[in-house]
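Here is what each chain is made of, one letter per residue.
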Amino acid sequence: MVRLDRLINVLGGYDVRAAGHNRNRDAELHSVAMHDPAGDGPVLGDALLAVGVPDAARALELGLAAQARAVLIRQDGELDDDVAAAARAAGTCLLLVPSEVSWSQVAGVVYGLVLEGRETESGRGPSDLFTLADSIAAGVGAPVTIEDQLSRVMAYSSVQHDTDPARLDTILGRRVPERVRTLFDERGVFTHLAMSDEPLHVTGAPEHGLQDRTVVAVRAGRELLGSLWVTCDGPLDPIRTRVLADGAHTVALHLLRSRVSADLERQVESELVIELLEGTPDAAAVIGKLGLPPRRHRVIALQAHTAAERNAAILLAFERATTGFGWSRPGRTTLFGNTVYTVLPCDDDPAPALNWLHELAQGLPRHASLAAGVGGPAEPGELPASRQEADESLALHAARADGEPVCYDEAWDEILLQRLRTAATAGRMPSRGPLAHLARHDDAHGTRLLFTLQAWLEAQGDLNAAAGHLDVHPNTVRNRLRKMSELADLRLDEPRKRLAMLITLAVGDHDR
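Thresholds applied
Residues numbered from 1 in each chain as written. Predicted model: local features only at pLDDT ≥ 70, side-chain atom pairs only at ≥ 80, totals over all residues. Heavy atoms only, no water. Salt bridge = Lys/Arg side-chain N within 4 Å of Asp/Glu carboxyl O. Helix = DSSP H or I, 4+ residues; strand = E, 2+ residues; numbered from the N terminus. Buried < 20%, exposed > 50% of the residue type's maximum accessible area, 1.4 Å probe, protein only. Patch = residues over 30% accessible without salt bridge, like charges linked within 9 Å, V, L, I, M, F, W, Y side chains within 5 Å. Areas by Shrake-Rupley, 256 points an atom, 1.4 Å probe, with all protein chains shown as cover. Lys, Arg positive; Asp, Glu negative; His and termini not counted. Charge placed at Lys NZ, Arg CZ, Asp CG, Glu CD. Phe/Tyr/Trp six-rings, centres within 6.5 Å; stacked < 30°, edge-to-face > 60°. Lys NZ or Arg CZ within 6 Å of the ring centre and 35° of its normal. Pairing = 2+ DSSP bridges. Contact = heavy atoms within 4.5 Å. Axes fitted to C-alpha atoms, helices over the stretch in contact; angles between N-to-C directions. Parallel < 35°, antiparallel > 145°, perpendicular 65-115°, else oblique. Left-handed = near helix turned anticlockwise from the far one by under 90°. Nonpolar A, V, L, I, M, F, W, Y, C, P; charged D, E, K, R; others polar.

The protein carries the name Helix-turn-helix domain-containing protein in an unreviewed UniProt entry, which gives Prauserella alba as its organism.

Written out as structure tokens, the structure reads:
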């Protein structure tokens, strides 16, 4: 099954609009039906595709007869008020498909999501993978485990007879224990899985709590998707071996369907998020398509890397950020270049964004380095500005090389100075004037007049505070200021001149 919320979100990427009853978005859709004008009676389905029905009122009637929660109809303009009212009264969601989108495209998406995009408790993969494990276990008469390429458990059969401690540890830990993985590696099991589709019998190891196993690769073409394991007392007979091999093929199909469904949603979501980050006049509508609440959001930017693998960490971070379908995740994410961007609803309080980053970091390897920045709160149309702030906060965090992710709310002053430094490197900072003259004097005579001037300016003219910062007597500061005034036309009594000098010295980051 799939929830109505997710169907609306994904179809929104094709400009399909929701109308009528649109409140119960958590409703589950288990089946799809398509209107057949030549049919004898009404079809039944949770989602009805009213193909060839030009009238919205008639399409709604067919939907009610089909007991559908969602009815897809061809509609370019606004929906008739009477039809919308009737849909609301009946509790039916009408999905309006524009004329430029083909029915075959819409049907492929709907059938793919409802029939193939089933979800597990983790939010990814077909829920009936466990049922499939039970079916294979019944065929071979022994417990079954389905694992991915890294020996992590994706599903297991409920059949528990003749099980062993190693299998129990595998299920409880959600992956094969390291000692058992090492044993399999030494025996060449993983090499066999990488090269062959033939089932392999693995002799038990009582010292590891391990009975005999038979394992077969789960493969799609040349790509190894995982493995299918059976706990047994000895080599399987030909019939049970055939059941195991057929089961591996079926598991591969399920995993491919799950991947297609997940990738479809990721693609649609990613394109919509990029629209928001780059700026669009329809930002509020895009927010609605993504299923985000109509409130202020923040942009989170993050990068991750490891010393050994250039792109693995950022891809893993993207995987973590998009695990779970739209309705089960607080934000929406895209991978743009080497940066993961997430749009998260959290208004003035940055705590939800920082908590989100903390949870994501927990799922990354310990040796992965993470740099992240959180932009300021923004209305939908202002998200490009929040994205720039997130990028600059990310750069600041990367430069620090440690500490918590940087939030623009706390670091705006440092970011402003960095912007000004960038402008200075482009030749926009004055290269002549009183400060340049003092700098040349410092270089020629080994003095630190600029340092003294900056301390005095930052102390807002308080001689005692400036002297305390410099660890000298206030008279020393006074004498240095007199010397500077003799060397250059500072005009320290003019507020604008003092402000310009303070900015120049702060941006120049002079040695203290």
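Here the narrative resumes.
Things to note about the pattern of salt bridges
It is possible for side chains bearing opposite charge to pair when their charged atoms get close. According to the stated counting rule, one finds 19 salt bridges in the structure shown. Its salt-bridge partner being glutamate 319, residue arginine 266 comes within 2.6 Å of it at the nearest N-O pair. Here arginine 266 is found in helix H9 (residues 238–278), whereas its partner glutamate 319 is found in helix H11 (residues 312–321), with 53 residues between them in sequence. Look at glutamate 319 and you get partly exposed, because its relative accessible area is 31%. The salt bridge involving glutamate 414 is made with arginine 400; its shortest N-O contact spans 2.7 Å. Of this pair, glutamate 414 sits in helix H14 (residues 408–428) while arginine 400 sits in helix H13 (residues 383–400), placing them 14 residues apart in sequence. A residue is classified by how much of its surface remains accessible, and glutamate 414, at 34% relative accessible area, is partly exposed. Taken together, the salt bridges that share partners define one network made up of Asp489, Arg491 and Glu494.

Things to note about a negative patch on the surface
Judged by side-chain charge, Asp55, Asp80, Asp81 and Asp82 come together as a negatively charged surface patch. On the secondary structure map, aspartate 82 appears in helix H3 (residues 81–90). Aspartate 82 sits in the exposed class, given a relative accessible area of 61%.

Structural notes on the packing of aromatic side chains
Taken as a whole and judged by the stated rule, the model has three aromatic pairs. Judged by centre distance (4.8 Å) and plane angle (25°), the ring pair of phenylalanine 184 and tryptophan 229 falls under stacked. Of the two residues, phenylalanine 184 is situated in helix H7 (residues 178–186) and tryptophan 229 in strand S12 (residues 223–232); the sequence distance between them amounts to 45 residues. Taking relative accessible area as the criterion, phenylalanine 184 reaches 3% and is therefore assigned buried. Within the aromatic cluster, the residues linked to one another by ring pairs are Phe184, Phe190 and Trp229. Its guanidinium or amino end placed over the ring of tyrosine 341, arginine 387 lies 4.7 Å from that ring's centre, counting from NZ or CZ.

Let's talk about the sheet that holds strand S17 (residues 406–407)
Read across the sheet, five strands follow the order S14-S15-S13-S16-S17 without closing on themselves; strand pairing throughout is mixed. The open sheet has two free edges, formed respectively by strand S14 (332–336) and S17, since each of these has just one partner strand. Along the sheet, helix H12 (residues 351–362) makes contact with strand S13 (297–305), strand S15 (339–345) and strand S16 (369–374), crossing S13 at roughly 25°.

Thoughts on the packing of helix H16 (residues 449–458) against helix H18 (residues 474–487)
Where H16 meets H18, the closest approach of the two axes is 10 Å, and the angle between their N-to-C directions is 115°. In terms of their interaxial angle, H16 and H18 are classed as roughly perpendicular. The two elements H16 and H18 cross, and the hand of that crossing is left-handed. Where H16 approaches H18, its residues Leu449, Thr452, Leu453 and Trp456 are matched on the opposing element by Val477, Arg480, Leu481, Met484 and Leu487. Class assignment for the residues of the contact of H16 with H18 results in seven nonpolar, one polar and one charged.

A closer look at the environment of proline 54
On the secondary structure map, proline 54 appears in the loop between strand S5 (47–49) and helix H2 (56–65). Counting along the chain gives 20 residues from proline 54 to arginine 74, while the straight-line C-alpha distance between them is 6.9 Å.

With respect to the packing of helix H17 (residues 463–470) against H18
Closest axis-to-axis distance for the H17/H18 pair is 8 Å, and the angle between their directions is 100°. The angle between H17 and H18 falls in the class roughly perpendicular. Contact with H17, carried on its side by Leu463, Asn464, Ala466, Ala467 and Leu470, involves Pro474, Val477, Arg478, Arg480 and Leu481 of H18 and no other residues of that element. For the contact of H17 with H18, a count of residues per class yields seven nonpolar, one polar and two charged.

Some remarks on the sheet that holds strand S8 (residues 144–148)
Across the sheet, which stays open at both edges, the five strands sit in the order S9-S8-S12-S11-S10 with antiparallel pairing between neighbours. The open sheet has two edge strands, strand S9 (153–156) and strand S10 (200–202), and neither has a second partner. With strand direction ignored, the average angle separating the axes of adjacent strands in the sheet is 25°. Where strand S11 (residues 212–220) and S12 come together, nine bridges link them in antiparallel fashion. The residue bridging valine 218 from the neighbouring strand is glycine 226, located in S12.

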